[in-house]
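Listed below are the residues making up each chain.
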Amino acid sequence: MRVWKIVEVVNDDIFTLFHGIEGSRKMPQHQWIKANKKMGKDGTSKTSYLTGWHVLPTLEDAQEYLLRFTQRLEKLRIVECEVRGQVRDKEHSPSPVLLADEIYFRGV
């Protein structure tokens, strides 16, 4: 499934905005990456959800969501990527965020 993700790009390397894998925000490209799924909470919310890769279903959704970020904006980029496995809505989110089990970055 084709989706969009907001990432930080430095020297053609892709970094997640927040949590990464095994202590690193740097994401490998051209290979499938499994999410570290666990129960998480949004900010001060008391609602738990099963975590996964945060992605957006359309470029327009990603462009709108990008406007929420004020810091690091010059390094942020929207990249097209693929997801597979279970893809679910992030319940209780005011945006159309999806959570995916696996993600694939073609490159920047």
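Structure: see above.
Here's what I pulled together on the structure shown here. Keep in mind that this is a model prediction, so the values were computed, not measured.

Below, the discussion takes up the overall build of the chain. Looking only at helices and strands, one finds 1 helix and 9 strands in the chain. Secondary structure elements of the chain occur, N-terminal to C-terminal, as β-β-β-β-β-β-β-α-β-β. The C-alpha radius of gyration computed for the chain amounts to 13 Å, which stays within 12% of the reference 13 Å derived for 108 residues, consistent with globular compactness. Sorting the 108 residues of the chain into buried and exposed places 38% on the buried side. Considering only intrachain contacts with a sequence separation of at least 6, the fraction spanning at least 24 residues in the chain is 62%. A distance of 5 Å separates the average location of the 17 positive side-chain charges in the chain from that of its 15 negative side-chain charges.

A few words now on the pattern of salt bridges. Across all of its chains, the model carries 8 salt bridges by this definition. Residues Asp 101 and Arg 88 are paired through a salt bridge, measuring 3.2 Å at the closest nitrogen-oxygen approach. Linking Asp 101 in strand β9 (residues 98-105) with Arg 88 in strand β8 (residues 76-89), this pair joins segments that are 13 residues apart in sequence. Its relative accessible area of 14% is what places Asp 101 among the buried residues. By sharing partners, the salt bridges in this structure join Arg 2, Glu 80, Glu 82 and Arg 106 into a single network.

A separate point is the nonpolar core. A general trend in soluble globular proteins is that nonpolar side chains are found buried together. Within the largest apolar cluster, 16 residues are counted, with the highest numbers of intra-cluster contacts made by Trp 53, Val 55, Ile 103 and Phe 105. Of all the elements, β9 adds the most residues to this core, at 4 residues. Within the second largest apolar cluster, 10 residues are counted, among which are Trp 4, Ile 6, Leu 17 and Phe 69.

Turning our attention to the side chain of Glu 8. In this fold, Glu 8 is placed in strand β1 (residues 2-10). Residue classification places Glu 8 among the buried positions, given a relative accessible area of 5%. Within polar-contact distance, the side chain of Glu 8 engages the side chain of Arg 25 at 3.5 Å. If we skip the residues at most four places from it in the chain, Glu 8 touches Asp 13, Ile 14, Phe 15, Leu 17, Arg 25, Arg 72, Lys 75 and Leu 76.

Calculation notes
Residues numbered from 1 in each chain as written. Predicted model: local features only at pLDDT ≥ 70, side-chain atom pairs only at ≥ 80, totals over all residues. Heavy atoms only, no water. Helix = DSSP H or I, 4+ residues; strand = E, 2+ residues; numbered from the N terminus. Rg over C-alpha atoms; globule rule 2.2 N^0.38 Å. Buried < 20%, exposed > 50% of the residue type's maximum accessible area, 1.4 Å probe, protein only. Contact = heavy atoms within 4.5 Å. Lys, Arg positive; Asp, Glu negative; His and termini not counted. Charge placed at Lys NZ, Arg CZ, Asp CG, Glu CD. Salt bridge = Lys/Arg side-chain N within 4 Å of Asp/Glu carboxyl O. Core = buried A, V, L, I, M, F, W, Y, C linked by side-chain atoms within 4.5 Å. Polar contact = N/O pair within 3.5 Å; in protein donor to acceptor, adjacent residues only side chain to side chain.

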